[in-house]
Structures are given as structure tokens and as C-alpha cells.
Amino acid sequence: MPTIFTRIINGEIPCHKIAENDQFLAFLDINPVAEGHTLVIPKKEVDYLFNLDDETYTGLMLFAKRIAKALPAAVPCLRVGVTVIGLEVPHTHVHLVPLNSMQDINFSKPKLNPGQEALITVAEKIRKVLV
Ligand code: 5GP
């Protein structure tokens, strides 16, 4: 059975897309820990980051870097935190989280529930500053 992220890649489930190419996709986390929380995934469905082949692994990180470099211009922050957890969705994903404090990347605290309008607005802002 395909993962929820494969279903997003295939367009069966909507997402707030940030960027895409033939191998990778970046989109907003539906339950962010901070505003602008973005997920970056390979289109290849592999559960665990460190089981990716080297080319996909490095490509994923370079794709994530491009998004991370742009994020602060859209969502003011001290820096962009990066984490990989994967306990919920068995499809490799890199979390990019705009940070102003350690609490902004605390996955144990209650998630934000921004609503569709706020997600649409922040996704537009990020897309605009991507180069
Ligand atoms: P992890 O697997 O790293 O523990 O967390 C999975 C992340 O994916 C969570 O932050 C969760 O909010 C996000 N997520 C789960 N399902 C969906 C979905 O259908 N759409 C989006 N955009 N994010 C999702």
C-alpha cells in the first residue's frame, strides 16, 4: 500500500506545494511545529533516510538546502532547523523548521493548527522567495 506521501506525490491527496522536480517534492507540514515547517521528500518511496541510495540521499539534501536558504526571507527566523524522525510516516522526509528558539523544534509539544488560509499564505510567501 502506498504511503500517504506517495499519494501526495501522485496528486491523490492535496498539499501546499513549495517546490518539485522529477525526483523530490517539498510541501508544508499539515500540523507544523512552527510557521513555515516544510517537509522535503524523495519521490522514491524508501522508509528510512539512511537506506536511500547515495545519489538520492545527496540530491534530497541539496534540494532541502535550496528551500532552507530561502525560508528565512519568507518566515523570519534565526535559522532553519533540520530533523529527520519518520516514526509516523514510513516515507523518508526531512523536516525544515524556521527557528527562533529551541521550543520551535520541539516535536513533543502540541502541534500548531494553522488552518488552510494560513497554510496557503505561507506557502505562497515561500514560493515567491525561492530562487
Ligand atoms: P514523522 O514521521 O517524522 O514523525 O512525522 C510525520 C510528519 O508528517 C508530521 O509532522 C505530520 O504532521 C506530517 N503529516 C502527516 N500526514 C500528513 C499529510 O497528509 N500531509 C502533510 N502535509 N503532512 C502530513
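Going by the structure above, here's the rest.
Residues numbered from 1 in each chain as written. Predicted model: local features only at pLDDT ≥ 70, side-chain atom pairs only at ≥ 80, totals over all residues. Heavy atoms only, no water.

Notes on the packing of aromatic side chains
Right, so step 1: Following the criterion strictly, the structure yields 4 aromatic pairs and no others.
Right, so step 2: A ring pair is formed by Tyr48 and Phe50, whose centres lie 5.7 Å apart and whose planes are at 85°; its orientation type is edge-to-face. (Phe/Tyr/Trp six-rings, centres within 6.5 Å; stacked < 30°, edge-to-face > 60°.)

Some details on the layout of surface pockets
Right, so step 1: Of the pockets and cavities examined, the largest pocket occupies roughly 450 Å³.
Right, so step 2: Every residue lining the largest pocket is counted, 22 residues in all, and those nearest its centre are Phe5, Asp29, Ile30, Leu39 and Glu88.
Right, so step 3: Those elements giving two or more residues to the lining of the largest pocket turn out to be helix H1 (4-9) and strand S2 (24-28).
Right, so step 4: By residue class, the composition of the lining of the largest pocket is 14 nonpolar, 5 polar and 3 charged. (1 Å grid on protein atoms, 1.4 Å probe; cavity = no way out; pocket = protein on both sides within 12 Å on 5 of 7 lines; lining within 4 Å. Points joined across faces, edges and corners; volume = space filled by probe spheres on them. Helix = DSSP H or I, 4+ residues; strand = E, 2+ residues; numbered from the N terminus. Nonpolar A, V, L, I, M, F, W, Y, C, P; charged D, E, K, R; others polar.)

Thoughts on the site of the ligand
Right, so step 1: By nearness alone, 17 residues border the ligand, and Leu28, Asp29, Gly86, His93 and His95 come closest of all.
Right, so step 2: Taking Ile30, its main chain carries an N or O atom lying 3.3 Å from a nitrogen atom of the ligand.
Right, so step 3: Contacts to the ligand include Lys111, whose side-chain N or O atom sits 3.4 Å from an oxygen atom.
Right, so step 4: Taking a 2 Å distance to the grid points as the criterion, the majority of the atoms of the ligand fall inside the largest pocket.
Right, so step 5: Listing elements by their share of the shell around the ligand, those giving two or more residues are H1 and S2.
Right, so step 6: Residue classes in the shell around the ligand are distributed as 10 nonpolar, 4 polar and 3 charged. (Near = heavy atom within 4 Å. Polar contact = N/O pair within 3.5 Å; in protein donor to acceptor, adjacent residues only side chain to side chain. Sits in = over half its atoms within 2 Å of the grid points.)

Worth remembering: the numbers are spatial, not functional.
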